[in-house]
Amino acid sequence: MTLLNFQTVDLAPAAQDFLGEVMKGLSQPVKTLAPKYFYDDHGMELFEKICELPEYYVTRTELSIMDELSSFALPASGQLAVIELGGASSFKFRRLQRSLADIGMYIPVDICRQALFHEAQKLARDCPELKVMALCADYQQLESFPWETYTAGFTPVVYFPGSTIGNLTPSEAKSLLKMLRRIVGPNGYVLLGCDLVKPLTTLIPAYDDAQGVTAEFNLNLLRRINRELGANFDLHQFRHEIRYNTDENKIEMHLVSLASQTVQLAGTTLQFAKGESIHTEDSRKFTRQAIEKLAAESGFCIDQWWTDSRDYFAITLLGSVTSANILSMRANQSADSSHPFLRRAEHSPTSSAARA
Ligand code: AVJ
């Protein structure tokens, strides 16, 4: 059966230079590995398990905020095209569909081709009114993508959930948001999920759970390097460790060598001292102020901020800083000061060009 509302575009993200990046990361004085490599098939399964752990409040809290959102519509000309970064699973998008009015198109972007295409096709089958375009690409390829060809007539909304932005350094996060600002243009939006700063008694267990699933997830990176790059890491000789970096408000994941040892990788011998660590992930925690600053530096302002009762997680709507935007905010402010920018979907079923 051919689906008229479904298409795929494959930019064939360069099989990633996995070996090159691993070699480079492990040859530095402070050894690092990039967290994007956690997600092989087993890594994805483990991450799904993490999301269900009692200690890992992140996903649960984000979903609870989405479930609490009453229907809303964004000032837009035409329907919305939601571009989801890391959209191999359509799970969160399906929740978003319940709250956000007028979505006419969905563009999940991911490097996991198989899962991406499969899930997107299922969604297209379930939602015949929705145009679905699954884009297999990495983030760097998005800047030069001919968006106009696909999203002409739609208002673009980039959806970046899960606090994945917390994996990036502040300067990477800023460049990414600047790129997103160029992609969505002056009339588009970014809907961003951010995990918030909170007491360590909650944060640490979320990344060091009692069942050891997160440890397994971390160690699986070495298993993957063994399998795909033919290295010989002994997984029993490394230990999962969580550190909290107070200066930068970030959780760090490390793999600490339990012994002085060598590992063979593609003809190179890597040395590990006892106690030496491989830094595998940063998971930054944000304050509203930090997000405001990040937004401002990349040409956005916070149009809306939703959080849970404990202030654990925030979903924030970024709109571009244009005079039209600011004017429409002022115009709406007197009508409903608690929601200066949004219109309730019930009262305005079609989206008028509020900012046009
Ligand atoms: C998917 C990057 C948001 O940082 O909380 C979970 C990944 N790492 N447990 C996070 C993760 C360890 C997760 N992100």
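Relevant structure appears above.
Values in this document were obtained by computation on a predicted structure and should not be read as measured data.

A. Region of interest: the site of the ligand. Every residue close to the ligand is listed here: Ile50, Val58, Gly162, Ser163, Thr164, Gly166, Asn167, Tyr207, Thr214, Glu281 and Ser283. Along the lines of polarity and charge, the residues of the shell around the ligand split into three nonpolar, seven polar and one charged. In this structure, the shell around the ligand is formed jointly by two domains, domain 1 (10-56 + 200-284) and domain 2 (57-198 + 286-335), each of which donates at least three residues.

B. Fine view of helix H7 (residues 170-184). For H7, spanning 15 residues, the distance from its first C-alpha to its last is 21 Å, which sits close to the expected 21 Å at 1.5 Å a residue. Every buried residue belonging to H7 is among Ala173, Leu176, Leu177, Leu180, Arg181 and Val184, and all of these are buried. Projected onto a plane normal to the axis of H7, the buried residues spread over an arc of 145 degrees and lie on a single side. More than 90 degrees from the buried face of H7, the exposed residues found are Ser171 and Glu172. Immediately downstream of H7, the backbone of Gly185 shows phi near 70 degrees, a positive value.

C. Region of interest: the pairing of strand S4 (residues 80-85). Burial runs high along S4: six of the six residues are buried. Of the two faces of S4, the one lined by Leu80, Val82 and Glu84 and the one lined by Ala81, Ile83 and Leu85 are each fully buried. Here S4 runs beside strand S5 (residues 103-110); their pairing, made up of six bridges, is parallel. Looking at S5, one finds that Ala81 is bridged to Met105. In this sheet, strand S7 (residues 155-160) lies alongside S4 in parallel orientation, the contact comprising five bridges. Directly across from Val82, in S7, lies its bridge partner Val157.

Definitions and cut-offs
Within each chain, residue numbers correspond to sequence positions counted from 1 in written order. Totals for whole chains, interfaces and linings use every residue, but because this is a predicted model, local features are given only for residues with pLDDT of at least 70 and side-chain atom pairs only at 80 or more, for both listing and counting. Near, for a residue, is defined by distance from a backbone-placed C-beta atom to a molecule or strand, with 6 Å as the limit that must not be exceeded. Think of it as three bins: nonpolar holds Ala, Val, Leu, Ile, Met, Phe, Trp, Tyr, Cys and Pro, charged holds Asp, Glu, Lys and Arg, and polar takes everything else, Gly as well. Domain start and stop positions are those given by an automatic or database domain assignment. For the purposes of this entry, the term helix denotes a DSSP run of H or I that reaches at least four residues, the term strand denotes a run of E that reaches at least two, and both are numbered from the N terminus. Expected span of a helix: the number of residues minus one, times 1.5 Å. Three exposure classes are used. Buried residues have 20 or more other C-beta atoms within 10 Å of their own C-beta, exposed residues have 12 or fewer, and partly exposed residues fall in between, all C-beta atoms being placed from the backbone. For this quantity, the arc is that covered by the directions from the helix axis to the C-beta atoms. Strand pairing is assigned whenever DSSP detects at least two bridges linking the two strands.

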